[in-house]
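# Commentary on secondary and tertiary structure
This is what each chain is made of:
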Amino acid sequence: MIVPKYNKYSMNPLVLMTDFGLKEHFVAVMKGVALTINPEIKIYDLTHLISPFNTWEAALTLNNTIGYWPSSTVFVSVVDPGVGTERRSIITLTKSGHYIVTPDNGILTFIADGGRIEAIRVIDETRHRRPESENYNTFHGRDIYIYTGAKLASGMITYEDVGPLYSGEIVKIGYQKAKFHKGVVQGTIMKIEYPFGNLVTNIPYELMRQIPGLDYNVKLYVEIKEKSKLRYEETLPYVRSYGFAAAQSPLIYIDSSGYTGIAVNKGNFAKQYQIAGGHDWLIKIGMV
Amino acid sequence: MIVPKYNKYSMNPLVLMTDFGLKEHFVAVMKGVALTINPEIKIYDLTHLISPFNTWEAALTLNNTIGYWPSSTVFVSVVDPGVGTERRSIITLTKSGHYIVTPDNGILTFIADGGRIEAIRVIDETRHRRPESENYNTFHGRDIYIYTGAKLASGMITYEDVGPLYSGEIVKIGYQKAKFHKGVVQGTIMKIEYPFGNLVTNIPYELMRQIPGLDYNVKLYVEIKEKSKLRYEETLPYVRSYGFAAAQSPLIYIDSSGYTGIAVNKGNFAKQYQIAGGHDWLIKIGMV
Amino acid sequence: MIVPKYNKYSMNPLVLMTDFGLKEHFVAVMKGVALTINPEIKIYDLTHLISPFNTWEAALTLNNTIGYWPSSTVFVSVVDPGVGTERRSIITLTKSGHYIVTPDNGILTFIADGGRIEAIRVIDETRHRRPESENYNTFHGRDIYIYTGAKLASGMITYEDVGPLYSGEIVKIGYQKAKFHKGVVQGTIMKIEYPFGNLVTNIPYELMRQIPGLDYNVKLYVEIKEKSKLRYEETLPYVRSYGFAAAQSPLIYIDSSGYTGIAVNKGNFAKQYQIAGGHDWLIKIGMV
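These lines cover the structure that appears in this document, whether it is placed above or below. Here the structure is a predicted model, which means the values were calculated and not measured.

## Digging into the pattern of salt bridges
Throughout the structure, instances matching the rule amount to 39 salt bridges over all chains. Notably, a salt bridge pairs Lys225(A) with Glu223(A), separated by 4.0 Å at the nearest N-O pair. Taking the relative accessible area as the measure of exposure, Glu223(A) reaches 13% and is therefore buried. The salt bridge partner of Arg88(B) is Asp104(B), with a shortest N-O separation of 2.5 Å. One end of the pair, Arg88(B), is in the loop between strand E3 (74–78) and strand E4 (89–94); the other, Asp104(B), is in the loop between strand E5 (99–103) and helix H3 (109–113), with 16 residues separating them in the sequence. A residue is classified by how much of its surface remains accessible, and Arg88(B), at 31% relative accessible area, is partly exposed. Judged by its relative accessible area of 6%, Asp104(B) falls in the buried class. Here the residues in one salt-bridge network are Asp113(A), Lys172(A) and Lys177(A), joined through shared partners.

Right, dumping it as structure tokens:
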């Protein structure tokens, strides 16, 4: 793993991800709590537009982001349909040296599947809870997660201070992994990229390039099913970037995270062809 | 009151709330003006998605936020349908030691109703106006409010420097206060919490607990009227948090600000039952 | 020109504008890259809600903003439908001392038309590209623009280090310039101001005041055409600010940038009268 390069007393970025939206006071309340703990703390927004309660979307978004931030960055994820009920509140240290503060509800699925978890600690709520918040049961983002995350990010507590190590199973969300079989790759449409409408799959370039004869501008067969129902079937060019297909034409490309995507140049594939993403949306790609 | 702990020369957070949305240049222009005054100033967003001209929504959102921020934080509210006409531009000091820069148009309703105003000063626009802005009459957020707020937040002026004290009436928005009468609490549905669709009432836990026999999991009678028209009538369980009701089931709870709320677990109450919020939406809750 | 007042080693604001929206990880990834380059860098958002691929909107929004920021501020614009194809990646220095990092795709139209470009340098991608990003062709915002912009904003490179000077033509978007002819001003409806629905024209006050007899509260003739088709024709009062017209009444005013606007007081002109903005929308205003 990468050892966090800052010591106990240094200030690390605190990055927030929620499904609270941008209209209400919730996010600003969390930031106020963090700044009350330490006025020098530096707070950033990942996104607050995770679809309400959608832990799948949150897990993907977090996984796409953390690697680009300095090690020791503290991510606080508050997508928490089970708030106030029994569920583990944890801080995970990744092998890349990032911290993730979150309820244990599937958010870590892709990081765990990638073997990138270094350690998990359960937040000791008897020590790490906003004073006088014991009677509030619906906003642990404010009372536990940002409160503890801000103390960790600003070096007021160490990772060891968070609470005991946890070595049991964490909650994971199931989905069809990507695979290569008899010349064809298949996997899941993980999501639709907003606002462009591109399909994002879980098929990495390393699998794609096993398709015999793959090269820029070859035509590939694409099949998309929602469960067992065929929803799209076409041959599309494999190109270097959007602009190498004609305007308003569909194409296959490797996206900026190294995964296979389907898009329409200057258009919106998902809208045009009525395709969505998630566990039920499966894709196959092969040579024509 | 809480005496602001920073002295004249210290840097305090500057927090912006507007109805400008997030698409246009307005908010960035205000931030540029603030940073031109002092490049070290720390600017935060409360929200910019207040519904256009909706001072009621702005008043609620501000009231829900300020208490969580460090004392001496300067809030700048620009929801200003009367910009350029005669209306007072004021900076209010709350008893909690926070400053609020705003046109006097109802924004302070709930803070005033709570008896939490320490002092009000009228901005002396002859001294506190962006240079060369005299010919512009439609963006006082830029030319007066952020300009003066940034100077106050960065300690370039004191509160006394803002302008003369004001001891007259301020503009307040009327609404049905919460009350307990013959075993039943009643009040106003203050708003629908976006994006979850929870109803937020002005009935505090202190009133709710006067309902004889109130305890977790008892069933309560709920009646919602829009003016005099019945819009919803049901018995709902009173629970500790969303997850203690069945998924997609409605429930009553105490929200994270200590007020009574109505929600659907993992659902959207307002959408499902076509309920809105505001002065016209009244609610009664009592034992079945 | 204004000589940037900070030296090579100082930290200047880094301001981001994209069409990425606020839901996905893209913006946070860019910020993480910037903070990895320099953890002290100060990052601000102009907007991320530019309509997808809409360089016209981006050009207007940037032009409306830069003058309010401290000189030496570095703006990074990523509205980039041609990403990964051949198109110039440039950093422009304006006469006001601001830097703009962008693909050369029309973003600089209004700054160039205003004669406010001091110099243009082409980014030398052999030296200024995120390490190990050579195989990614769809996210130059991450791999080139923020990467180079962050180094410039934090003084790790000088403007001269960016790459060679460019003195050829840049890409510009065509539109009908404003003019005064026989007592009538005419120009383009540049855009609809979100969320208020005000029309923003390219007719400056300096042209408007050439209309004989112009004064507050006079009635002016307004004609709006979409190409050659008449879409609106009315006489409207010319007022100091929105509130000087009756509620829900249309009006003409000078907006906060010094240009002529059409609005409905406490209403939404564009929605009410079905008017849009862009190259095809032309307006004439004259004395009745």
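## A short note on the sheet that holds strand E6 (residues 117–122) of chain A
Residues and elements named next belong to chain A. The strand order E2-E1-E3-E5-E4-E6 describes an open sheet built from 6 strands, whose pairing is mixed. The outermost strands of the open sheet, each flanked by one partner alone, are strand E2 (43–47) and E6. When strand polarity is set aside, the average angle formed by the axes of neighbouring strands in this sheet is 20°. Bridge analysis of strand E1 (residues 14–18) against E2 gives 4 bridges, and the strand direction is parallel. Its bridge partner being in E2, Val15 is matched across the sheet by Tyr44. Along the sheet, helix H1 (residues 26–37) contacts E1, E2 and strand E3 (74–78); its crossing angle with E2, the most-contacted strand, is approximately 150°. The sheet strands contacting helix H4 (residues 140–153) are E1, E3, strand E4 (89–94) and strand E5 (99–103), and the helix crosses E3 at an angle near 175°.

## Focus: the packing of aromatic side chains
A full pass over the atoms with the stated rule returns 48 aromatic pairs over all chains. Among the aromatic residues, those joined into a cluster by ring pairs are Phe20(A), Phe26(A), Phe53(A), Phe139(A) and Phe196(B). Directly above the ring of Tyr136(A) sits Arg142(A), whose terminal nitrogen or CZ lies 5.2 Å from the centroid.

## Here's the deal with the relation of the copies chain C and chain A
Of the transformation superimposing chain C on chain A, the axial component is 0.0 Å and the angular component is 120°, with the fit at an RMSD of 0.0 Å. Here the symmetry operator amounts to a three-fold rotation axis. When you check the interface residues of chain C against chain A, a mere 3% turn up at the interface there too, and the two sides of the contact use different surfaces.

Basis of the calculations
- Residues numbered from 1 in each chain as written.
- Chains lettered and ligands numbered in written order.
- Predicted model: local features only at pLDDT ≥ 70, side-chain atom pairs only at ≥ 80, totals over all residues.
- Heavy atoms only, no water.
- Salt bridge = Lys/Arg side-chain N within 4 Å of Asp/Glu carboxyl O.
- Buried < 20%, exposed > 50% of the residue type's maximum accessible area, 1.4 Å probe, protein only.
- Helix = DSSP H or I, 4+ residues; strand = E, 2+ residues; numbered from the N terminus.
- Pairing = 2+ DSSP bridges.
- Axes fitted to C-alpha atoms, helices over the stretch in contact; angles between N-to-C directions.
- Contact = heavy atoms within 4.5 Å.
- Phe/Tyr/Trp six-rings, centres within 6.5 Å; stacked < 30°, edge-to-face > 60°.
- Lys NZ or Arg CZ within 6 Å of the ring centre and 35° of its normal.
- Least-squares fit on C-alpha atoms with pLDDT ≥ 70 in both.

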